[in-house]
Amino acid sequence: MWLRCPARDLTTWAGSLPRLLSGSLRGVILDGLLPPEVALRLVGRLQQDRTLPRIPVGGQLIGESLGLSLDRAVGPHQDDYLSSARTLHERLSTLTTGRSLDTLLAAALSMMARPMPVSLAEARGLPRAPLVFRRLPRGGCIPPHAELEQLARRPYDGFREQLDDTTLLSFFICLQQPASGGVLRVHELSWSDYDRSADRGGHSQPAAQLRGVSHTDRLLKTGSLVVFDGGRWFHEVTPVIGEQERWTAGGFLARRCSGDGVLYWS
Ligand SMILES: O=C(O)CCC(=O)C(=O)O
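Residues numbered from 1 in each chain as written. Predicted model: local features only at pLDDT ≥ 70, side-chain atom pairs only at ≥ 80, totals over all residues. Heavy atoms only, no water.

Engineer: Looking at this structure, how should I read the site of the ligand?
Structural biologist: Surrounding the ligand, one finds Arg134, Ile142, His145, Glu147, Ser170, Phe172, Phe228, His235, Val237, Arg246 and Thr248. The contact in question runs from an oxygen atom of the ligand to an N or O atom on the side chain of histidine 145, over 3.3 Å. Between an oxygen atom of the ligand and a side-chain N or O atom of histidine 235, the distance comes to 2.9 Å. In isolation the ligand exposes 290 Å². Once the protein is present, 98% of that is buried. Applying the majority rule of atoms within 2 Å of the grid points places the ligand in the largest pocket. Among the secondary structure elements, those contributing two or more residues to the shell around the ligand are strand E9 (142–145), strand E10 (169–176), strand E15 (233–237) and strand E17 (246–255). Of the residues belonging to the shell around the ligand, the class tally is four nonpolar, four polar and three charged. (Near = heavy atom within 4 Å. Polar contact = N/O pair within 3.5 Å; in protein donor to acceptor, adjacent residues only side chain to side chain. Areas by Shrake-Rupley, 256 points an atom, 1.4 Å probe, with all protein chains shown as cover. 1 Å grid on protein atoms, 1.4 Å probe; cavity = no way out; pocket = protein on both sides within 12 Å on 5 of 7 lines; lining within 4 Å. Sits in = over half its atoms within 2 Å of the grid points. Helix = DSSP H or I, 4+ residues; strand = E, 2+ residues; numbered from the N terminus. Nonpolar A, V, L, I, M, F, W, Y, C, P; charged D, E, K, R; others polar.)

If you want it as C-alpha cells, here you go:
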C-alpha cells in the first residue's frame with residue numbers, strides 16, 4: 001500500500017515512517033513539498049555548478065551524481081566521502097534562497113518519523129552527506145536493485161553495525177521530471193525472495209528473476225518527495241526519453257539498531 005497526498009496535509013502523512021519500516025506501507029509520496037519553480041531554479045544552478053564532485057553512475061550507464069554517495073565511495077573515490085559531504089553541506093547553504101533543501105528535507109523526515117527522532121548519520125564525528133543530486137540525461141536509467149544489497153559492501157564497514165538491517169528506505173525529491181520515461185518502477189520481487197546466487201561482484205542481477213513479475217509505475221511530479229521501501233523491494237528508474245534531464249536529490253534512511261530513532265544519509 002502507498003500513501004499519496006499534498007505535503008500541506010500534515011495530519012495525513014505525519015507519523016507514516018514507522019509503518020514504512022514495519023512493512024505495512026510500501027511508499028509515501030508528498031506532492032508539492034517544494035514549489036516547482038524553486039525546484040527548477042535549483043536545477044538551473046546545479047547545471048552550472050563546478051564545486052560538487054560529479055560521479056558517473058558506473059558501468060556503461062548514462063548519468064551522474066553531484067556529490068559522492070556512500071555506496072560509490074570505492075576505488076579512486078574510496079577516501080573522498082567525508083570531504084565530499086563537507087563540500088555538499090557548504091553548497092546546500094547557498095543553492096537556495098531562504099530555507100535550504102536539507103533543512104526542508106530534515107523537517108519533512110522528522111514529521112514523517114514521529115514519534116521517532118531522526119538524525120543525520122555521522123562518521124568520525126562528522127556529518128555524512130544528507131543527499132546527493134542525481135542527473136539522468138536522455139537514455140539514463142537506474143537498473144533494478146534493492147537497497148539492502150548495499151549493506152554488505154565495503155563502504156558500509158563500521159556503519160552497518162549502527163543500522164537495523166530489516167530495511168533501508170529510499171527517499172528522493174523530484175527536482176525536474178523528464179518529458180517522458182525516467183519513471184520509478186517498483187517490482188513485486190522482494191530481497192528475501194531473491195536468489196542471491198545470481199549476484200556478481202556484490203551487485204544483484206535480478207533480470208531473470210524479474211521475468212513475469214508484475215510491477216507498478218509511480219508517476220511523480222516536480223517538487224514531490226517520495227519515501228519508499230527500496231530496501232526490501234526491487235525497483236528501478238526507466239530510461240529517460242527526450243532532451244529534458246531528470247534531476248532528483250536523495251538518500252536513505254534506516255532505524256538505528258538500538259531501536260531508538262532513525263538515521264539518514266546518502
Ligand atoms: O530516482 C532516484 O533518485 C533514485 C531512485 C532509486 O533507485 C532510489 O531512490 O533508491
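Having put the structure on the table, let's press on.
Engineer: I'm lost on the pairing of strand E12 (residues 184–190) in this one. Help?
Structural biologist: Consecutive side chains along a regular strand alternate between the two faces of the sheet. Burial of E12 is extensive: five of the seven residues sit out of reach of the surface. Bridging between E12 and strand E13 (residues 215–218) involves four bridges; their strand directions are antiparallel. Among the inter-strand pairings, leucine 184 is bridged to a residue of E13, identified as arginine 218. By the bridge criterion, four bridges tie E12 to E15 in an arrangement that is antiparallel. Its bridge partner lying in E15, valine 186 is registered against histidine 235. (Buried < 20%, exposed > 50% of the residue type's maximum accessible area, 1.4 Å probe, protein only. Pairing = 2+ DSSP bridges.)

Engineer: Honestly, the packing of aromatic side chains in this entry has me stumped. Any pointers?
Structural biologist: Applying the stated criterion across every chain, the model contains ten aromatic pairs. Where phenylalanine 171 meets tyrosine 264, the ring centres are 6.3 Å apart and the plane angle is 70 degrees; that geometry is what we call edge-to-face. Here phenylalanine 171, found in strand E10, pairs with tyrosine 264, found in strand E18 (residues 262–265); they are 93 residues apart in sequence, far enough to count as distant. Relative accessible area serves as the criterion here: at 1%, phenylalanine 171 is assigned to the buried category. Their ring planes at 45 degrees and their centres at 6.3 Å tell us that phenylalanine 252 and tryptophan 265 sit as a pair that is tilted. Highlighted residues: phenylalanine 252 in strand E17 and tryptophan 265 in strand E18, separated in sequence by 13 residues. Of the two residues, phenylalanine 252 and tryptophan 265, neither departs from the other in class, the shared state being buried. Put simply, the rings of Tyr156, Phe159, Phe252 and Trp265 touch in pairs and so form one group of aromatic residues. One Lys or Arg, arginine 128, reaches over the ring of phenylalanine 159 and ends 3.9 Å from the middle of that ring. (Phe/Tyr/Trp six-rings, centres within 6.5 Å; stacked < 30°, edge-to-face > 60°. Lys NZ or Arg CZ within 6 Å of the ring centre and 35° of its normal.)

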